[in-house]
Amino acid sequence: MKSWMAVLWSVLAGLAVAEDWQPVTEERLLRAGDDPDHWLSHGRSWREQRFSPLADIDEDNVHRLGLAWHFDVATQHGMESTPLVADGRMYVTASWSVVYALDAATGELLWEYDPEVPRETSIRYCCGAINRGVALWQDKVYVGTLDGRLVALEARSGEPVWQVQTTDPEKNYSITGAPRIAGGQVLIGNGGAEYDVRGYVTAYDAETGAQRWRFHTVPGNPAEGFESEAMARAAETWTGEWWKLGGGGTVWDAIAYDPELGLVYIGVGNGAPHNHRLRSPDGGDNLYLTSIVALDARTGDYVWHLQQVPGESWDYTATQQMALVDIEWQGEPRRVIMHAPKAGFFYLIDRETGELLSAEPFATVTWASHYDLETGRPVERPGQRYEEDKALVFPTGLGAHNWNPMSYSPLTGLMYLPVLDFGGEFKGTPAEEFQPLERHWNVGYDIQGPRGPELFIQALMQHLPQGSLLAWDPLAQREVWRVRHARPTNGGTLATAGNLVFQGTSDNGFHAWRADTGEPLWSWPVQNGVQAGPVSYRANGEQYIAVTAGRGGALSMVLGLELPDGSTPVNRVLAFRLDGEAELPPVPARVLPEPLPRMAVSRAELERGQQLYDLFCSRCHGIHAVSDGSIPDLRHLPVAWHEHFEAVVLEGLMERAGMPRFDDVLDRDEVRLIQAFVLERANQDAERRAAPAWWTTTRQWFYRKVVGALDWMMRRSIEASTPATAAE
Ligand code: CA
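Report follows, based on the coordinates. Just so it is clear, the structure is predicted and the values come from calculations on it, not from any experiment. (Residues numbered from 1 in each chain as written. Predicted model: local features only at pLDDT ≥ 70, side-chain atom pairs only at ≥ 80, totals over all residues. Heavy atoms only, no water.)

Burial within strand E2 (residues 65–72) is extensive, with 6 of its 8 residues counted as buried. One ladder, built from 7 bridges, connects E2 with strand E39 (residues 572–578); its direction is antiparallel. The residue bridging Gly66 from the neighbouring strand is Arg577, located in E39. (Buried < 20%, exposed > 50% of the residue type's maximum accessible area, 1.4 Å probe, protein only. Helix = DSSP H or I, 4+ residues; strand = E, 2+ residues; numbered from the N terminus. Pairing = 2+ DSSP bridges.)

Below, the structure written as structure tokens:
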């Protein structure tokens, strides 16, 4: 219970907000693009371009940008949230779906809402307990919770008004995406396509929470009848008994609404399992996986679809941001969707008809050579479906561009994209060996981290996945400028009318570049990795740039990158203004415990321990047991935790903190082997830190050279083996 002091404080803080509270009406949302002071919806306006027309901060004065305030959130496990700002109030989410309302000028807490997500459900979150933000409508704030609820809160007090369970709690659904508003309805999707669910989007009456419509993205069991014509048509593109594993197709992030056309666009995710052959054994396109589907906003009825990756087999999704832009194309005005999803192509799609106008790769892409614009279908390269043999495929399932928002400046005509250039090996699980696990990942191929000496693996993970900020001309489909980043997984972007692009990076920086040229103009150390997209707004007559900082999420967690020096695990919101003089508290020095000695196991047992670690632990604790800092780095576990290792993994000793139990898939002997691998890694790490600096530096230099050579050879072999135009 809140103390009376806390209640009094929140009332006083509420009164102190300078600007008058206004309801977020349909009219305000319709003209949000031209209204510079607020950030009323996830992508700022219904166009989802993330362009701020504010120019008080510009290329000439951005060097004066300083911290105005920061707000530390109480939860760990990462930040992906885009804050919304209306009338001087900021609404931002943190992990475990907690919502904070802050004074946008000072960072003072106005209220806090914790939906109290049961921590033991964390087993079903592929990518951490993260959340990407809220929606605003009239006098309410809406949040989707990890355990599948949609909750409406009173915007001034944070008091819950209504909530609905949007998913079957017995199934492995989760919600991490921000709800969207369309004509008095709240739209919400869900996630869980790695855990055998069937995707859908639901529209609820924003006032009452009553369900208006639901659109499934993949067909269910034909014996039970189809919900719509669209499902009956989709079922013709599936084979085998796909419904048993749900089919996937979750809409876990992007939804867009065009009020002029009355259409809702949903970005549909990958199949369940990923491996096409195991999902739909006799082939088929598997509609509407990896598609943009346009729906009638009032009824949820199917209008058109564009499937980007027919028969998806690599965890490619169309769930990434859809920016709605009006352009001139071949002399004609066109209303388009600009889309740069995981599969590595930048798509221009007519949003009235679904016609594919153009698709060109913006990163290294091997799975397809190009698109046939007559049919709207990709031309695949042979062997990439890993059916006969394993295959090296670019991009990986992490995507060439994932959920991290992009931004489009109508002034420069450029899209600013956080890009990850990275490939991975796919080795399919034979059908006779495929045994889906009930509470766990079922993807249908080997999950195995790279093998080799510790520093080699670190060099590999630091240098093969290349992260950059790409300024892309969407009409000419070409790169205009690019900034290569030190680390692969970086934040979303914000473009402003001040000729600026802002982006946070995973090496703890927050930066501004000139939007037209890419000239670096400003940097600020934020002590934590940034994944989210920044926002801009005006409060008390002054322009602010704000961003949430925190590691976590699939890209950051899995890649196994050493935490940079001066990192804090504290997740926070930071707001900047010209001549801001606030400071962050110093980062406490990290004290790493001495590891326990290695366990007496054979080489084969150690290898088995690593296999089990890769399969069940690496997704959160990182490749090679190197954590991103959003959850504990197992190499640096205090001795006491090693004494309780088995109880943590098998009995759920840390379930309340979000560490699931694995007693359904692991036995005591297997846990012992995982612990042996973790202690092996802990000791390797301690030995490296104890070694003379020159020796470590020399070895690191050597491994970087080896990795550089490997990268060169790999790319040469890709060029040699994949002709520019493959046979169809
Ligand atoms: Ca996925």
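Additional details are given in the paragraphs that follow.
The subject of this paragraph is the layout of surface pockets. Taken as a whole, the second largest pocket spans an internal volume of roughly 1300 Å³. Lining the second largest pocket are 48 residues, and of these His621, Ile631, Pro632, Asp633 and Leu634 lie nearest its centre. Secondary structure elements with two or more residues in the lining of the second largest pocket: helix H8 (618–621) and helix H10 (645–651). A per-class count over the lining of the second largest pocket returns 31 nonpolar, 12 polar and 5 charged. (1 Å grid on protein atoms, 1.4 Å probe; cavity = no way out; pocket = protein on both sides within 12 Å on 5 of 7 lines; lining within 4 Å. Points joined across faces, edges and corners; volume = space filled by probe spheres on them. Nonpolar A, V, L, I, M, F, W, Y, C, P; charged D, E, K, R; others polar.)

So, on to a negative patch on the surface. Taken together, Glu387, Glu388, Asp389 and Glu425 make up a surface patch of like negative charges. In this structure, Glu387 sits in the loop between strand E26 (377–380) and strand E27 (391–393). (Patch = residues over 30% accessible without salt bridge, like charges linked within 9 Å, V, L, I, M, F, W, Y side chains within 5 Å. Areas by Shrake-Rupley, 256 points an atom, 1.4 Å probe, with all protein chains shown as cover. Salt bridge = Lys/Arg side-chain N within 4 Å of Asp/Glu carboxyl O. Lys, Arg positive; Asp, Glu negative; His and termini not counted. Charge placed at Lys NZ, Arg CZ, Asp CG, Glu CD.)

So, on to the sheet that holds strand E5 (residues 99–103). In spatial order, the strands read E3-E4-E5-E6; together these 4 strands make up an open sheet with antiparallel pairing. Only two strands of the sheet have a single partner each, and these edge strands are strand E3 (84–86) and strand E6 (109–113). Taking each pair of neighbouring strands and ignoring which way they run, the sheet shows an average axis angle of 15°. Here E3 runs beside strand E4 (residues 89–93); their pairing, made up of 3 bridges, is antiparallel. Paired with Leu84 across the strands is Tyr91, a residue of E4. (Axes fitted to C-alpha atoms, helices over the stretch in contact; angles between N-to-C directions.)

Further remarks concern the packing of helix H7 (residues 603–616) against helix H11 (residues 668–690). Direction vectors running N to C along H7 and H11 enclose 95°, while the axes themselves pass 7 Å from each other. Of the possible angle classes, the one that applies to H7 and H11 is roughly perpendicular. Contacts between H7 and H11 involve Glu605, Leu606, Arg608, Gly609, Gln610, Leu612 and Tyr613 on the former and, on the latter, Glu670, Leu673, Ile674, Ala676, Phe677, Val678 and Glu680. Classifying every residue of the contact of H7 with H11 gives 8 nonpolar, 2 polar and 4 charged. (Parallel < 35°, antiparallel > 145°, perpendicular 65-115°, else oblique. Contact = heavy atoms within 4.5 Å.)

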